[in-house]
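What follows is each chain in one-letter form.
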Amino acid sequence: PTHCQHDTRESGDRVMALLILVLLIGSVATTPTHCQHDKTEACRNPLLLGPQPWRQREGLISMSNGAPVRTYDSGVSFRVWAPHATAASVVPYLSNGRWSQTLMQSENNGTFYVNVGNAQPGDSYIFKFLTPSGTVVRLDPRAQDIDPSVTTDWKYSVIHDPDFDWEDTKFVAPPPNELVIYELHLPSFNVQEDVGTFDTAIQKLPFLQKLGVNAIELMPVATYSGSASGWGYSPCAPYAILPKLGGYKGLKRFVRTANKLGMGVFLDVVWNHASDDNILKLYDGFQGNTGNGIYFYDDSRANTPWGPRFNFDSAPVSQYILDSIDMWLKDYHITGFRWDSTVFLLSFSFVSLFFLFF
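Reference entry: report on the structure contained in this document. Each residue is numbered by its place in its chain's sequence as written, counting from 1. Totals for whole chains, interfaces and linings use every residue, but because this is a predicted model, local features are given only for residues with pLDDT of at least 70 and side-chain atom pairs only at 80 or more, for both listing and counting. Side-chain metrics in this entry use all non-hydrogen atoms of the structure; hydrogen atoms and water are not considered.

Salt bridges are counted wherever a side-chain nitrogen of Lys or Arg sits within 4 Å of a carboxyl oxygen of Asp or Glu. One pass over the structure, following the stated rule, counts 13 salt bridges. Residue Arg57 pairs with Asp73 through a salt bridge whose shortest N-O separation is 2.8 Å. Here Arg57 is found in strand 1 (residues 50-64), whereas its partner Asp73 is found in strand 2 (residues 67-81), with 16 residues between them in sequence. Note on classification: 1.4 Å probe, protein chains only; a residue is buried when its accessible area is under 20% of the maximum for its type, exposed when over 50%, partly exposed between these limits. Look at Asp73 and you get partly exposed, because its relative accessible area is 33%. Between Arg338 and Asp340 there is a salt bridge, and its shortest N-O distance comes to 3.0 Å. Salt bridges sharing common partners tie together Glu167, Arg256 and Lys260. Helix numbers and strand numbers start at the N terminus; a helix is a DSSP run of H or I with at least 4 residues, a strand a run of E with at least 2.

This brings us to the sheet that holds strand 18 (residues 336-339). In this analysis, strands are considered paired if DSSP registers two or more bridges between them. Taken together, the four strands give an open sheet; going across it, the order is 11-12-15-18, and neighbouring strands pair in parallel fashion. Pairing within the sheet leaves two strands with one partner each, and these edge strands are strand 11 (181-184) and strand 18. The mean angle between the axes of side-by-side strands here comes to 25 degrees, regardless of whether they run parallel or antiparallel. Examined bridge by bridge, strand 12 (residues 215-218) and strand 15 (residues 264-269) share four bridges and lie parallel to one another. The convention used is that axes are lines fitted to C-alpha atoms, helices contributing only their stretch in contact, and that angles between N-to-C directions extend from 0 to 180 degrees.

Right, let's talk about the packing of aromatic side chains for a bit. Pairing of aromatic side chains requires ring centres within 6.5 Å, counting the rings of Phe and Tyr and the six-membered ring of Trp. Pairs whose planes differ by under 30 degrees are stacked, by over 60 edge-to-face, and all others tilted. For the structure shown, the criterion picks out 19 aromatic pairs. Between Phe127 and Phe129 the ring centres are 6.0 Å apart and the planes differ by 25 degrees, which places this aromatic pair in the stacked class. On the basis of relative accessible area, Phe127 is assigned to the buried category, the value being 0%. Here Lys252 stacks its cationic end above the ring of Tyr332, 5.2 Å away from the centre of that ring. Cation placement over rings: the criterion is NZ of Lys or CZ of Arg within 6 Å of the ring centroid and within 35° of the ring normal.

The next point concerns the pairing of strand 1. Looking along a regular strand, one sees side chains alternate from face to face of the sheet. Two elements, strand 1 and strand 2, share 11 bridges in a ladder whose sense is antiparallel. Bridge pairing links Met63 to Pro68 in strand 2. From the end of strand 1 to the start of strand 2, which pair antiparallel, there are two residues, and Asn65 there has a positive phi angle of about 55 degrees.

Attention now goes to unusual backbone geometry. If you check the backbone angles, Asn118 has positive phi at about 80 degrees while not being a glycine. If you trace the backbone, Asn118 turns up in the loop between strand 6 (111-117) and strand 7 (124-131). In the Ramachandran plot, Leu282 falls in the positive-phi region, its phi being about 50 degrees despite a non-glycine side chain. With respect to the helices and strands, Leu282 occurs in the loop between strand 15 and strand 16 (303-304).

Our focus in this paragraph is the nonpolar core. Residues Phe78, Phe254 and Trp328 are the most contacted members of the largest nonpolar core, which totals 74 residues. Sort the elements by how many residues they give to this core and helix 6 (residues 315-332) lands first, with seven residues. Those residues in contact with Trp328 that lie beyond four places of it in its chain are Pro238, Tyr239, Ile241, Leu251, Leu267, Val269, His333, Ile334 and Phe337. Residues grouped as a nonpolar core are buried Ala, Val, Leu, Ile, Met, Phe, Trp, Tyr and Cys residues, joined through side-chain atoms within 4.5 Å. By definition, residues are in contact when any of their heavy atoms lie within 4.5 Å.

Next up on the list: the state of the cysteines. Note on disulfides: each one is a pair of cysteine sulfur atoms within 2.5 Å. Under the criterion given, the structure shown has one disulfide. Each sulfur of the disulfide joining Cys35 and Cys43 lies 1.8 Å from the other. Taking the sign of the S-S torsion, -95 degrees for the link of Cys35 and Cys43, the bridge is left-handed. The two residues Cys35 and Cys43 agree in class, both being buried.

Its location among the elements puts Asp268 in strand 15. Reaching out from Asp268, the side chain makes a polar contact with the side chain of Arg338 at a distance of 3.2 Å. Distance and chemistry together define a polar contact, namely a pair of N or O atoms within 3.5 Å, with one atom able to donate a hydrogen and the other to accept it when in protein, and with adjacent residues in sequence counting only for side-chain atoms on both sides.

Below is the structure:
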């Protein structure tokens, strides 16, 4: 009726009711079947990859012949992208007596998932993949902690502890035109033993504050190959802080102290290439044309003078990079970033080389 042109209450209510019904049906339909007895957020959110430690009442119920046999109130969820693997398991590297090798569930989108009750922060682990070319063992690309015993040829990943007391630090970064940035090479800054660490650098932060510095740009601290005293531009494990510098807990302490002194912390990130001995190379056994694997280009853009180039055309790889930035911002309270050699992100040429130096 024409007199109902501006009166849509009944039809609007029906539309709203239908919309709610559709959303409810959709949420039920999209809940993974293997999450029926897994109440953790990681199981129900397929976008959460890497290790996800959790503690909640009845977070995981193990079943046998349709009956519950054990309830876990803590554990770790694992999800990994390995599209060419036919099967995957997570394996404790150093025996801890609480859990053993566990088969992961294929989620039919290139990822594998499992929730391991009684796994906890500090546990070491690896992934074992069954591939068409045989069995391969790999570290977790999203682990924030790594084998601390070496500076190359890392053997295992370590589950990080997400809990940290930021002591209600409420830092607000100054506007860009007021930034006074100090570029800091951690290994050579306030060295007391072998190399400088986050904790030894913390001792000198009041000095930088007196200089008028209000922002610190850390040269790369994500795990890199070679000597720990190096510059850090040979990235190997982009999510894991180099243990010899103080690890992920050390970085959090450093940021917390800097923020208390009125200084933001910027991070130097390297995504234009990876080192040749990076943990992502040939990750799930797939070699392609260049022998670099799923994280890297497989055509003329595959290589740089320093190592393979990340495949920015791949949605999972792009998400991997975006998620790392999200991790730095949320988990570490990083203020901002310096992106290394952006002219080399997509290709290498003498033109880009010119812009790098001139």
